[in-house]
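In case you want the letters, here they are:
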Amino acid sequence: MDLDKSETAVAADSTDGLITNKRKESKDSDAAASTERETWDNKVQYILAVVGFAVGLGNVWRFPYLAQKNGGGAFLIPYTLMLAIEGIPIFYLELAVGQRLRKGAIGAWNDISPYLGGIGIASAIVSFWVAFYYNTIIGWCLYYLVQSFRSPLPWAACPTTQTGNVTAPVMECELSSPTTYFWYRETLNISPEVGVGGQVNWWIVVSVLAAWLVVFLCIFKGITTSGKVVYITATFPYLVLVIFFFRGVTLEGFHHGVARFFTPDFSRLADPQVWLEAATQIFFSLGLAFGGLIAFASYMPVRNNCYKDAVLVSVINCGTSVFAGVVVFSILGFKATQSFKACEAGRAAELVRLFNTTEALVPAAGSLANFTVWDNDTSGWYTVIGEMPALPVCSLEQELEKSASGTGLVFIAFTEAINQFPVPQLWAVLFFLMLLTLGLDSMFGMVESVVTSLMDLNLPARIPGLTKTHLFIVVCGFSAVLSLAFCHQAGPYVFILFDEYSGNLPLLIVALAQVIAISYVYGLKRFGDDIELMTGSRPNWYWLACWKYVSPLAMSLILLASLAKIAASGAPYQAWHADIGENISLEWPGWCKFFAAFLILTPTIWVPGVAVVKYFRLYNWTQAEPAFFPREDLLMELTGNQVGTNISEWERKLFYWMPRCGLANEMDEEDGTSTVTSDSASGSADDNDADVVEKVNLETEDTRC
C-alpha cells in the first residue's frame, strides 16, 4: 500500500479525519459549540451507569465457578494480574476516547481516522448481537420472578402422574431433580437436539417480549430516562447481595462453601488454561469493546477525570465478583451440607434395613453377605444370605464440586438452595429481582451503544423527523421480533450458539484493533496530549507500556489460545437427554458451524473492510463534522495552572515511536518539538499557541514513508 497516497486520501475523503499533518480549524466551531450534546445530570449518575453496565450477570454466575474450578484463592493471582495489564488499561482508553471525541463508537473511531471507522461499526454490531440474546436471560428471569409468587414454589417438588391407582413422580424429574426438571421441561420445554425445532413456548414469548418492553421504557429517551433508572438498577443488586450475605453466613455449613471458594491450590497456576480463563473473565466482565463505555463517556464534561473513573469502576467490578463469590458459595455450602446429610441419612437407613445396625462392616457391592431380617410371623430376627446392593457414597467434597456456572447455577443450583430456606418465595423474589436489575443495566449500555452510533452517522439529517426515540423503537422492536428464535423448543441451543460465538472472539478482535489504533496509528503522544488537556496530567509510563506493548500482546495470546482451543476441542454443545435426566455432549451440525462463522465475521469483517473501501474510494459517503472540543480553553487553563508535563527522552523513544509507514506524524516537523497541543483531535494549534506552552526539545523524526 502506498501510504503517501493513503495520507492524501485521508484528507481528501474526510473532513473529520484527525490524523493529518496540518489541518485547518473548522469555520463552524462556533456553530458546533452551540450544538449541545445531552449530558448526565451529575457525576454519581454517570458512575452508577458505568458500574451497572460493567457489573452484570457474569459477576454472579461465572466468576465464582471459575474461581473454585481454577485453584480457589490462587485464581485471584492471575485474575488480579490480568485486571492490571489488560482490564483497567483498556477501560481507561475507552473512557478517554469517548470523553475526548464526544461521540459513540462509530463516530469516535471515524473521527480519529476514516480508515478506522470499521472498529466502531464492529462494536455496534457486536453490541446488537449480544443484546439480542442477552435480553432472553432477562425474559427467563421475568418468568421465574412471576413463578416465585406461587406457594409452594413450582420447582420445589417433582410433578406426579396417575397410572390407574398408582401415583408416581414424573420419570424425567425423578432421574434429575425438581429444579432441573422445572428448568429444562417446564420453562424451556427443550428439544433433544438443535435440529429438532418443536413447538413455540408461548410463555417464553410473552416473557421475552415483556423484557424488551421493559428495556425500551427505561431507555427510550436515552440517558434522560436511563440515567434516572440506574439509581435503582445499579444499587438494588448490592442491597440484595448484602441481604443474601448475612443470610448465607448464618446457614449451617456455609463455611464449607466459603473455604472451597478461597482455599488456594497453587499447583493450578501451572496450567495455562487457568490464565486464559482469568484473562477472558476480566475482559468480558468489564464490558470492554462493546462501545457502551465510549457512548457513556461521550456525555461527560471534557474536564472530567476519566482516569480516576476507570480505576474506580474496575475495582468496584472486581470487588463485586469476589463478594458475589462469597455469597454464592456460602449458600452452595449450605446446599452441599444438606445434600450430604440427606445422603448420610439414606445410607444409614439402608444399613439398618440390611443389618439392623449402622455400625456393620459393609461388604463390597455385589458380594455375598449375611443380612439380618425381621420375621413378622415369629416376631424375631433371622439371618439370610444375599447379594450386597450398592450403597450411596456420601462425600461433602463431591457435593461442593457440583457447583455450576451460567444458567445451571442460577436456575438450578441456587433455586434448589432457596427451596430449603424459610419463606422461600421471599428469597426467590429477591434473587430474581437482583438478576433482573443486573441484566437491565448491561442492556442499557449495549442498546445505548447501538443507538448512539447510529445517531452519530448523522441519520437525523438524512431522514427528516427521525429522533433518537424512533431509533430506540426500531432497535428494540426489531430485536424483539428476532428474539422469537429463542422461544421454541430448540431455542436454548440457538441461545448457546449466540453465547459462545457472537461475543467472545469478535470482542477480542475489536479490543485489539482499538489498542493498536491508538498506539500505532493515532499515536500515544497525541493521545497523551488529549488526556492531559482533559485531566491536567499525562498518562504515566505504566499506562503507556500497557497500551503500546503489554495489552496487545496479552490479547493476541488470548485470541490465539482461544482459536487453538476451538480447533482442539471441536464444536460440541450440551444437549438435554430426557431419558437419563442429564446433559450429553453433541457435535454442532454443519449449518450451526456456518452460522457461528457468520456471527464472528459480521462484526469483524468491518475492521479491514472499511479501510479497504476508504482507501480505494469504492463508496463515497459524507461524514459528520467532529464534535466541538474546547481545545483553546483547556490549553489556556492548563498552561495557566502550570501543570504541563515534560517528556523524557527515554519515554519518547520507548512509547512515542511510530511505524515508519504510519498514518500519523507524532512530532511537529517544523521545529522538532512536542507540545501539549500536538496535532490534536480538533485540529492543529495556531503558531502562537507554542508561545504559551513549555516545549520539550526533541530530535526531529519523520515517521512518514
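In case you missed it, the structure is sitting above this.
We now turn to the structure provided with this report.

Cut-offs applied
- Residues numbered from 1 in each chain as written.
- Predicted model: local features only at pLDDT ≥ 70, side-chain atom pairs only at ≥ 80, totals over all residues.
- Heavy atoms only, no water.
- Helix = DSSP H or I, 4+ residues; strand = E, 2+ residues; numbered from the N terminus.
- Buried < 20%, exposed > 50% of the residue type's maximum accessible area, 1.4 Å probe, protein only.
- Patch = residues over 30% accessible without salt bridge, like charges linked within 9 Å, V, L, I, M, F, W, Y side chains within 5 Å.
- Areas by Shrake-Rupley, 256 points an atom, 1.4 Å probe, with all protein chains shown as cover.
- Salt bridge = Lys/Arg side-chain N within 4 Å of Asp/Glu carboxyl O.
- Core = buried A, V, L, I, M, F, W, Y, C linked by side-chain atoms within 4.5 Å.
- Lys, Arg positive; Asp, Glu negative; His and termini not counted.
- Arc of directions from axis to C-beta.
- Contact = heavy atoms within 4.5 Å.
- Disulfide = S-S within 2.5 Å.
- Pairing = 2+ DSSP bridges.
- Axes fitted to C-alpha atoms, helices over the stretch in contact; angles between N-to-C directions.
- Parallel < 35°, antiparallel > 145°, perpendicular 65-115°, else oblique.
- Left-handed = near helix turned anticlockwise from the far one by under 90°.
- Nonpolar A, V, L, I, M, F, W, Y, C, P; charged D, E, K, R; others polar.
- Phe/Tyr/Trp six-rings, centres within 6.5 Å; stacked < 30°, edge-to-face > 60°.
- Lys NZ or Arg CZ within 6 Å of the ring centre and 35° of its normal.

## Concerning the overall build of the chain
Line of reasoning, step 1. The helix and strand tally for the chain stands at 29 helices and eight strands.
Line of reasoning, step 2. The proportion of buried residues among the 705 residues of the chain is 55%.

## Observations concerning a nonpolar patch on the surface
Line of reasoning, step 1. A surface patch of nonpolar side chains, about 500 Å² in accessible area, is lined by Trp541, Tyr549, Val550, Trp650 and Leu654.
Line of reasoning, step 2. If you list the elements that add at least two residues to the nonpolar patch, you get α25 (541-569) and α29 (649-655).
Line of reasoning, step 3. At three residues, α25 tops the list of elements feeding residues into the nonpolar patch.
Line of reasoning, step 4. By relative accessible area, which is 32% here, Tyr549 ends up partly exposed.

## Some remarks on the nonpolar core
Line of reasoning, step 1. Of all hydrophobic cores here, the largest spans 194 residues; its most connected members are Phe91, Trp109, Phe244 and Val447.
Line of reasoning, step 2. Grouped together as the second largest cluster of nonpolar side chains are seven residues, Leu351, Leu354, Phe355 and Ala369 included.

## Comments concerning the side chain of Glu651
Line of reasoning, step 1. Structurally, the position occupied by Glu651 is in helix α29.
Line of reasoning, step 2. The side chain of Glu651 is buried and forms no salt bridge, while Arg538, the nearest opposite charge, is found at 4.8 Å.

## Focus: helix α14 (residues 254-262)
Line of reasoning, step 1. Every buried residue belonging to α14 is among Gly257, Val258 and Phe261, and all of these are buried. For α14, the angular spread of the buried residues around the axis is 95°, confining them to a single face.
Line of reasoning, step 2. Buried positions along α14 lie against α5 (63-69), α17 (306-355) and α18 (396-400).

## Description of the state of the cysteines
Line of reasoning, step 1. Summed over the entire model, instances satisfying the criterion amount to two disulfides.
Line of reasoning, step 2. Cys158 shares a disulfide with Cys173; S-S distance 1.9 Å. One disulfide, between Cys158 and Cys173, carries an S-S torsion of -85° and so falls in the left-handed class. Within this pair, whereas Cys158 is found in the loop between α8 (117-147) and β1 (160-163), its partner Cys173 is found in helix α9 (residues 171-175), the two being separated by 15 residues in sequence.
Line of reasoning, step 3. Assessed through its relative accessible area of 23%, Cys158 is described here as partly exposed.
Line of reasoning, step 4. Classification of Cys173 as buried rests on a relative accessible area of 1%.
Line of reasoning, step 5. At a sulfur-sulfur separation of 2.0 Å, the disulfide partner of Cys343 is Cys394. Residues Cys343 and Cys394 share a disulfide whose torsion about the S-S bond is about -85°; that sign makes it left-handed. Separated by 51 residues along the polypeptide, Cys343 in helix α17 and Cys394 in the loop between β4 (380-387) and α18 bring together distant segments of the chain.

## Notes on the pairing of β1
Line of reasoning, step 1. Summarising the sheet, β1 and strand β2 (residues 166-169) pair through four bridges and their orientation is antiparallel. Paired with Thr160 across the two strands is Pro169, which belongs to β2.

## Let's talk about the pattern of salt bridges
Line of reasoning, step 1. In total, this model carries 19 salt bridges according to the counting rule given.
Line of reasoning, step 2. Here Lys228 ties to Asp41 by a salt bridge, and the two come within 2.8 Å at their closest N and O atoms. Of this pair, Lys228 sits in helix α12 (residues 223-233) while Asp41 sits in the loop between α2 (29-34) and α3 (43-54), and the two are 187 residues apart along the sequence.
Line of reasoning, step 3. Classification of Lys228 as partly exposed rests on a relative accessible area of 42%.
Line of reasoning, step 4. Of the charged contacts, one joins Arg100 and Asp530 as a salt bridge, the two residues approaching to 3.5 Å between their closest N and O atoms. Of this pair, Arg100 sits in helix α6 (residues 76-101) while Asp530 sits in helix α24 (residues 504-535), and the two are 430 residues apart along the sequence.
Line of reasoning, step 5. Residue classification places Arg100 among the buried residues on the basis of a relative accessible area of 4%.

## Focus on the packing of helix α23 (residues 491-501) against helix α26 (residues 590-604)
Line of reasoning, step 1. Running from N to C, α23 and α26 cross one another at 40°; their axes reach a closest spacing of 9 Å. Our classification of the angle between α23 and α26 gives oblique. Considering how the two elements wind past one another, α23 and α26 form a crossing that is right-handed. Of the residues in α26, those in contact with Leu497, Phe498 and Tyr501 of α23 are Cys592, Phe595, Ala596, Leu599 and Ile600.
Line of reasoning, step 2. Broken down by class, the residue content of the contact of α23 with α26 amounts to eight nonpolar, no polar and no charged.

## Section: the environment of Phe63
Line of reasoning, step 1. Tracing the backbone through its elements, the reader meets Phe63 in helix α5.
Line of reasoning, step 2. Its relative accessible area of 0% is what places Phe63 among the buried residues.
Line of reasoning, step 3. When the C-alpha positions of Phe63 and Gly325 are compared, they lie 7.0 Å apart, and in sequence the two are 262 residues distant.

## Quick notes on the packing of aromatic side chains
Line of reasoning, step 1. Counted by the stated rule, this structure contains 67 aromatic pairs.
Line of reasoning, step 2. Plain terms: the ring middles of Phe216 and Phe220 are 5.6 Å apart, the flat faces sit at 40° to each other, and that makes the pair tilted.
Line of reasoning, step 3. Residue Phe220 is classed as partly exposed on the basis of its relative accessible area of 23%.
Line of reasoning, step 4. For the pair Phe244 and Phe431, a centre-to-centre distance of 6.1 Å together with 70° between the ring planes defines the contact as edge-to-face. Of this pair, Phe244 sits in helix α13 (residues 236-248) while Phe431 sits in helix α20 (residues 424-455), placing them 187 residues apart in sequence.
Line of reasoning, step 5. What makes Phe244 buried here is its relative accessible area of 1%.
Line of reasoning, step 6. The side chain of Arg100 reaches across the aromatic face of Phe629, ending 3.6 Å from its centre.
Line of reasoning, step 7. Across from the ring centre of Trp657, 4.4 Å away, lies the NZ or CZ of Lys548, which sits over that ring.

## Overview of the packing of α8 against α20
Line of reasoning, step 1. In the contact formed by α8 and α20, the axes pass within 9 Å of each other and the chain directions differ by 160°. Classified by the angle their axes make, α8 and α20 are roughly antiparallel. Like other packed secondary-structure pairs, α8 and α20 cross with a definite hand, here left-handed.
Line of reasoning, step 2. Of the residues in the contact of α8 with α20, the class split is 21 nonpolar, six polar and no charged.

## Here's the deal with the environment of Gly117
Line of reasoning, step 1. As for its placement among the helices and strands, Gly117 is situated in helix α8.
Line of reasoning, step 2. Residue class for Gly117 comes out buried when judged on its relative accessible area of 4%.
Line of reasoning, step 3. Distance from Gly117 to Ile106, taken between C-alpha atoms, is 6.0 Å for residues 11 residues apart in sequence.
Line of reasoning, step 4. In contact with Gly117, not counting residues within four places along its chain, are Trp109, Asn110 and Val610.

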